[in-house]
There are 2 protein chains.
Amino acid sequence: MRMGRKSSESMNGANRSYLAQKLTKGGARLTAQRKMLVEIIQNSTGHLDAASLLRLAKRRDSRIHRATVYRTLELLKRLRLIDELDLMHLEGEKHFYEPRTRSEHFHLACFRCGKILEHNTPTFERLKKEISEQTGFKIEVIRLEAGGQCEECRAQADSSQSDASRAAR
Amino acid sequence: MRMGRKSSESMNGANRSYLAQKLTKGGARLTAQRKMLVEIIQNSTGHLDAASLLRLAKRRDSRIHRATVYRTLELLKRLRLIDELDLMHLEGEKHFYEPRTRSEHFHLACFRCGKILEHNTPTFERLKKEISEQTGFKIEVIRLEAGGQCEECRAQADSSQSDASRAAR
DNA sequence: CGTTAAATGCGAATGGGTCGCAAAAGCTCC
DNA sequence: GGAGCTTTTGCGACCCATTCGCATTTAACG
Ligand SMILES: [Mn+2]
Ligand SMILES: [Mn+2]
Ligand SMILES: [Zn+2]
Ligand SMILES: [Zn+2]
């Protein structure tokens, strides 16, 4: 009977109250799978899709099933613990997820290099406020995404553009 | 050999130059199918998904195939003649399409009654400008969507809320 | 018109996501 | 710390939107 605690577990202790609070509100049970999935999402840096999340989870406990991942994502969305992103369908039709613990931001997807930029400005906050005021609509989730060219790729495109026009002469 | 022209066809004459211009740029051919699909999209009021578009198209020429619809939508997206919407996945994973001829707006999807509101405010324009200025990102397509409760549904929810609290006492 | 590259129809194949059900695991209350 | 009830999981079959490869047709250019 190992009583040793890994750092992730002791850290879990701190998280548990927050999660327990959030998850148990509404009658959701705090299962091992859910704890694991939430922890992976929280600790992950980038934007996870369901398949990646499953892969990472299987590394800890190979018995976890795809359906559980999808069901948990659905639950976390409902509880507003994560946001779902499309990232302009840059990599097919799948969705990406990120914890709502980080400060709010939107996403810019570069069609050329595939990079995802995160950004925010007070004007976004203002826009949301205006929307509610002007339409009476109560915003529960909002998603702002743009596709185009990032600064670097634009510079590159411009220089090859001038190459092309030079060659055309 | 019927020489009569339906109004939709004569209207087509006006559109054709615009379409021909847009479609033939980049080497796209002006096929009967493409003309038909673009016309359906332009004349449609609501937000069409691929299946609805196919259904409407089949009504005019039953030989048109699903794959052609998808390929045409892809083309029109590339040419920036239409925008693709998710509408917060209110009706599953499918996408919706609308012509870019109408003035720009974003979409608010009511989770309760399923209504889609269209809205705009100058702050949105300003936000886009700021994004470009602050990040150097060149926006080619942008999508702003919110999900929540429309004014009517909110009023309804509030009144049933107070019913509930009254009942609870 | 004939030529040629591009587009279409077709049906099979993908891929992301969902479902129904039996077994397993949380919670609650004692 | 179990009994009993309810929720959740694993599982595989299934679904639905979209894509693909290929043979045939068609638009566009000369
Ligand atoms: Mn989507
Ligand atoms: Mn992000
Ligand atoms: Zn880039
Ligand atoms: Zn509503």
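If you're wondering where the values come from, they're calculated on a predicted model, not measured in any experiment.

What counts, and where the lines are drawn
- Here the residue numbering is sequential within each chain, running from 1 through the sequence in written order.
- Going through the entries in the order they are written, you letter the chains from A and number the ligands from 1.
- Since the coordinates come from a predicted model, pLDDT governs what is reported: local features require at least 70, and pairs of side-chain atoms require 80 or more to be given and counted, while whole-chain, interface and lining totals use all residues.
- To obtain the side-chain values, all non-hydrogen atoms of the structure were used and water was disregarded.
- Being near a molecule or strand, for a residue, comes down to having at least one heavy atom within 4 Å of it.
- For this analysis, a polar contact is any N or O atom pair within 3.5 Å, provided that within protein one partner can donate a hydrogen and the other can accept it, and provided that sequence-adjacent residues contribute only side-chain to side-chain pairs.
- Helix and strand assignments follow DSSP, with helices taken as H or I runs no shorter than four residues and strands as E runs no shorter than two, numbered in order from the N terminus.
- All amino acids are sorted into three groups, where Ala, Val, Leu, Ile, Met, Phe, Trp, Tyr, Cys and Pro are nonpolar, Asp, Glu, Lys and Arg are charged, and the leftover types, Gly among them, are polar.
- Residues reaching a pLDDT of at least 70 in both copies supply the C-alpha atoms on which the copies are superposed by least squares.
- For Na, K and Ca the donor cut-off is 3.2 Å, and for all other metals it is 2.8 Å, counting N, O and S atoms only; because water is absent from this set, sites may look incomplete.
- Note on exposure labels: buried denotes an accessible area under 20% of the residue type's maximum, exposed denotes more than 50%, and partly exposed covers the range between, all computed with a 1.4 Å probe on protein chains only.
- The contact criterion used throughout is that any non-hydrogen atoms of two residues lie within 4.5 Å.
- Buried area is calculated as the accessible area (1.4 Å probe) missing from two parts once they are joined, with the contributions of both summed.
- When a carboxyl oxygen of Asp or Glu is within 4 Å of a side-chain nitrogen of Lys or Arg, the pair counts as a salt bridge.
- The pairing criterion for strands is at least two bridges between them, as found by DSSP.
- Take the buried Ala, Val, Leu, Ile, Met, Phe, Trp, Tyr and Cys residues and link them wherever side-chain atoms come within 4.5 Å; each set so joined is a nonpolar core.
- Fitting a line to C-alpha atoms yields each axis, with helices limited to the stretch in contact; the angle taken between N-to-C directions then spans 0 to 180 degrees.
- The scheme is simple: roughly parallel for angles under 35 degrees, roughly antiparallel for over 145, roughly perpendicular for 65 to 115, oblique for anything else.
- By definition, any crossing whose near helix is turned counterclockwise from its far helix by less than a right angle is left-handed, and any crossing with a clockwise turn is right-handed.
- All geometry calls rest on donor angles, where a four-donor set with angles between 85 and 135 degrees is tetrahedral, four- and six-donor sets with opposite donors more than 155 degrees apart and all others between 65 and 115 are square planar and octahedral, and all else is irregular.
- Here the aromatic set is Phe, Tyr and Trp, taking the six-membered ring for Trp, and pairing holds for ring centres within 6.5 Å; pairs whose planes are under 30 degrees apart are stacked, those over 60 apart are edge-to-face, and all others are tilted.
- Lysine NZ or arginine CZ positioned within 6 Å of the ring centre and within 35 degrees of the ring normal marks a charge as sitting over the ring.

### A few points about the protein's contact with DNA strand C
Taken together, 22 residues sit near DNA strand C, with A:Leu30, A:Tyr70, B:Gln33, B:Thr68 and B:Arg71 positioned nearest. Looking at DNA strand C alone, sugar and phosphate atoms form 55% of those within 4 Å of the protein. A distance of 2.9 Å separates a base nitrogen of DNA strand C from a polar atom in the side chain of A:Arg29. Listed by contribution, the elements that provide at least two residues to the surface near DNA strand C are α4 (66–78) of chain A together with α2 (32–43) and α4 (66–78) of chain B. Looking at side-chain class alone, the surface near DNA strand C contains seven nonpolar, six polar and nine charged residues.

### A short note on the relation of the copies chain B and chain A
Under the fitted operation, chain B is carried onto chain A by 0.0 Å of movement along the axis and a turn of 180 degrees, and the coordinates agree to an RMSD of 0.1 Å. This pairing of chains is accounted for by a two-fold axis. Within chain B, the C-alpha atom positioned nearest to the axis of rotation is that of B:Leu144, 2.2 Å from it.

### Concerning the coordination of the manganese ion (ligand 1)
The protein atoms donating to the manganese ion (ligand 1) are A:Asp86 (OD), A:His95 (NE2), B:Asp86 (OD) and B:His89 (NE2), with metal-donor distances spanning 2.3 to 2.8 Å. Neither A:Asp86 nor A:His95 differs from the other in exposure class; each is buried.

### Digging into the interface of chain B and chain A
It is common to give the size of an interface as the accessible area that goes away when the parts come together. If you look at the interface, chain B gives 40 residues, while chain A gives 40 residues. Where chain B abuts chain A, roughly 3500 Å² becomes buried across the two surfaces, and 62% of that area is made up of carbon and sulfur atoms. Between chain B and chain A we count two salt bridges in total. As a salt-bridge pair, B:Arg143 and A:Asp86 come within 3.1 Å of each other at their nearest N and O atoms.

### Let's talk about the sheet that holds strand β1 (residues 48–49) of chain A
Here three strands make up an open sheet; going across it, the order is β1-β3-β2 (chain A) and the pairing antiparallel. If you trace the sheet from one side to the other, it starts and ends with β1 and β2 (82–85) of chain A, each paired once.

### Comments concerning the nonpolar core
Nonpolar side chains in soluble globular proteins generally cluster together in the buried interior. Counting 26 residues, the largest nonpolar core has A:Leu144 and B:Leu144 as its most contacted members. Those elements giving two or more residues to this core turn out to be β4 (106–110), α5 (122–135) and β6 (138–149) of chain A together with β4 (106–110), α5 (122–135) and β6 (138–149) of chain B. Residues within four places of B:Leu144 in sequence aside, it is in contact with A:Phe124, A:Leu127, A:Ile131, A:Ile142, A:Arg143, A:Leu144, B:Phe106, B:His107 and B:Phe124.

### Regarding the packing of helix α3 (residues 50–60) of chain B against α4(B)
Residue and element names in this part refer to chain B. Interaxial distance between α3 and α4 falls to 10 Å at its minimum, and their mutual angle equals 120 degrees. By the angle between their directions, the pair α3 and α4 is classed as oblique. Helix-helix and strand crossings are classified by hand; for α3 and α4 the assignment is right-handed. The residues of α4 that touch α3, namely those facing Ala50, Leu53 and Leu54, are Arg66, Val69, Tyr70 and Leu73. For the contact of α3 with α4, the class distribution of residues is six nonpolar, no polar and one charged.

### Notes on the coordination of the zinc ion (ligand 4)
All names here are of chain B. Taken together, Cys110 (SG), Cys113 (SG), Cys150 (SG) and Cys153 (SG) make up the protein donors of the zinc ion (ligand 4), found 2.2 to 2.4 Å from the metal. Around the zinc ion (ligand 4) sit four donor atoms; with metal-centred angles ranging over 102 to 119 degrees, the donor geometry is tetrahedral. Within one chain, the residues donating to the zinc ion (ligand 4) are spaced in sequence as C-x2-C-x36-C-x2-C. Of the two residues, Cys110 is situated in strand β4 and Cys153 in helix α6 (residues 151–168); the sequence distance between them amounts to 43 residues.

### Some words on the pattern of salt bridges
The final tally for this structure, using the stated rule, is 28 salt bridges over all chains. Between B:Arg143 and B:Glu84 there is a salt bridge; the shortest N-O distance is 3.8 Å. Residue B:Arg143 is located in strand β6, and its partner B:Glu84 is located in strand β2 (residues 82–85); the two are separated by 59 residues in the primary sequence. Side by side, B:Arg143 and B:Glu84 carry an identical accessibility label, which is buried. B:Glu130 is the partner of B:Arg126 in a salt bridge, and the nearest nitrogen-oxygen pair spans 3.2 Å. Here B:Arg126 and its partner B:Glu130 are both found in helix α5, four residues apart, which amounts to about one turn of the helix. We classify B:Arg126 as partly exposed; its relative accessible area is 40%. Several salt bridges converge on common partners, so that one network encompasses A:Glu74, A:Lys77, A:Glu84, A:Asp86, A:Arg143, B:Glu74, B:Lys77, B:Glu84, B:Asp86 and B:Arg143.

### A short note on the pairing of strand β3 (residues 96–99) of chain B
Note on strand geometry: in a regular strand, side chains alternate between the two faces of the sheet. All names here are of chain B. Covered by surrounding structure in β3 are Phe96 and Glu98 together with Tyr97 and Pro99, the residues of both alternating faces. Examined bridge by bridge, strand β1 (residues 48–49) and β3 share two bridges and lie antiparallel to one another. For Leu48, the partnering residue across the bridge sits in β3 and is Tyr97. By the bridge criterion, four bridges tie β2 to β3 in an arrangement that is antiparallel. Directly across from Leu85, in β3, lies its bridge partner Phe96.

### A short note on the packing of aromatic side chains
Aromatic ring pairs are described here by two measures, namely the spacing of the ring centres and the angle between the planes. All names here are of chain A. All chains considered together, the criterion is met by two aromatic pairs over all chains. Where Phe106 meets Phe124, the ring centres are 5.2 Å apart and the plane angle is 85 degrees; that geometry is what we call edge-to-face. On the criterion of sequence distance, the pair formed by Phe106 in strand β4 and Phe124 in helix α5 is long-range, its members being 18 residues apart. On the accessibility criterion, Phe106 (1% relative accessible area) is buried. Just above the ring of Phe124 sits the side chain of Lys128; from NZ or CZ to the centre is 5.1 Å.

Don't take any of this as a statement about function, it's just geometry.
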